[in-house]
Amino acid sequence: MGEVNDEQLVKQFLKTQELSYFDVLVRRHLGRVRVMIYPMVLNDADADDLTQEVFLRVVHHLPGFQARARFVTWLHRIALNTTYDFLRHKQRCPIVAQAELPEQPDQAAGPRAVVQQHELGDTVSRALATLSPTLRAAITLTAIEGLSVTEAARAAGCLAATMYWRVHQARKQLKAELGAELKS
């Protein structure tokens, strides 16, 4: 089943209700969804809960998937909406960056390098926490997920020009925030 594209898996799942087709979709996209959500919520437990919620929404809304866009674009849209809903409900409580490194530092580099990489991860997380959810989504989709601006705009439900502006603003704010953090 690894050679079958996402849209074919969706079609087969809807036709047969065989969970193995949906399992392939989940295994294929679980990590990617989690990586997309974490920079927006900056908390491991919340990112894990939201990732699970995304796939619950996907299976619930899969019968409405019409393949006007690729499955992955539709999945990103659900992930963004789920995250935005969470952030709206949590709006009264500001986001506090939780230290997490996406990769483990090279232990052979020595303890100083490990500490420096950990501090850099903390600095980047704090800088991301200062962005609005829409700017965090823009930078996450383009810089972390590697989507083109057009794909990111489709996933976010906005025009490509709006996405370009959001990415520009996010980079500008991150540059200012990181410049101030690194000077201190």
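Definitions and cut-offs
- Residues numbered from 1 in each chain as written.
- Predicted model: local features only at pLDDT ≥ 70, side-chain atom pairs only at ≥ 80, totals over all residues.
- Heavy atoms only, no water.
- Helix = DSSP H or I, 4+ residues; strand = E, 2+ residues; numbered from the N terminus.
- Buried < 20%, exposed > 50% of the residue type's maximum accessible area, 1.4 Å probe, protein only.
- Contact = heavy atoms within 4.5 Å.
- Areas by Shrake-Rupley, 256 points an atom, 1.4 Å probe, with all protein chains shown as cover.
- Core = buried A, V, L, I, M, F, W, Y, C linked by side-chain atoms within 4.5 Å.
- pLDDT = per-residue confidence, 0-100.
- Polar contact = N/O pair within 3.5 Å; in protein donor to acceptor, adjacent residues only side chain to side chain.
- Axes fitted to C-alpha atoms, helices over the stretch in contact; angles between N-to-C directions.
- Parallel < 35°, antiparallel > 145°, perpendicular 65-115°, else oblique.
- Left-handed = near helix turned anticlockwise from the far one by under 90°.

*Asks:* Quick question: what am I supposed to make of the overall build of the protein chain here?
*Replies:* When helices and strands are tallied, the protein chain shows eight helices and zero strands. The N-to-C order of helical and strand elements in the protein chain reads α-α-α-α-α-α-α-α. Taking all 184 residues of the protein chain together, 40% fall into the buried category. Sequence separation of at least 24 residues holds for 65% of the intrachain contacts in the protein chain that already meet a minimum separation of 6. Accessible surface, the protein chain: about 10700 Å² in total, of which carbon and sulfur atoms supply 54%.

*Asks:* Is there a simple way to think about the nonpolar core in this case?
*Replies:* Burial of nonpolar side chains together is a common tendency in soluble globular proteins. Formed by 49 residues in total, the largest nonpolar core has its most connected members in Phe-22, Val-54, Val-58, Leu-62, Phe-71, Leu-80 and Met-163. Broken down by secondary-structure element, the contributors of at least two residues to this core are α1 (6-16), α2 (19-41), α3 (44-61), α4 (71-89), α5 (111-129), α6 (133-144), α7 (149-156) and α8 (160-183). Among the elements that line this core, the one with the most residues is α2, at 11 residues.

*Asks:* Is there a simple way to explain the confidence of the model for the protein chain in this structure?
*Replies:* Predicted coordinates in regions of low pLDDT should not be interpreted in detail. Considering every residue of the protein chain, the mean pLDDT works out to 84; 82% of them sit at 70 or more. Within the protein chain, no element has a lower average pLDDT than α5, which sits at 74, and none a higher one than α3, at 95. Taken together, the stretch residues 97-103 has pLDDT below 50 and engages in 19 contacts with residues farther than four places along the chain or on a different chain.

*Asks:* Just checking my understanding: could you explain the environment of Glu-145 for this structure?
*Replies:* The topology assignment puts Glu-145 in the loop between α6 and α7. Taking the C-alpha atoms as reference, Glu-145 lies 7.4 Å from Arg-32; in sequence the two are 113 residues apart. Apart from residues lying up to four places away in sequence, Glu-145 is in contact with Arg-32, Val-35, Met-36, His-76 and Thr-140. A distance of 2.8 Å separates the side chain of Glu-145 from the side chain of Arg-32, its partner in a polar contact.

*Asks:* Sorry if this is basic, but what is going on with the packing of α4 against α7 here?
*Replies:* Two quantities define a packed helix pair, namely the angle between the axes and the distance from one axis to the other. At a closest axis distance of 7 Å, the pairing of α4 and α7 adopts a crossing angle of 55°. The pairing of α4 with α7 is recorded here as oblique in orientation. The two elements α4 and α7 cross, and the hand of that crossing is right-handed. Mapping the contact onto sequence places Thr-73, His-76, Arg-77 and Leu-80 in α4 and Arg-154, Ala-155 and Ala-156 in α7.

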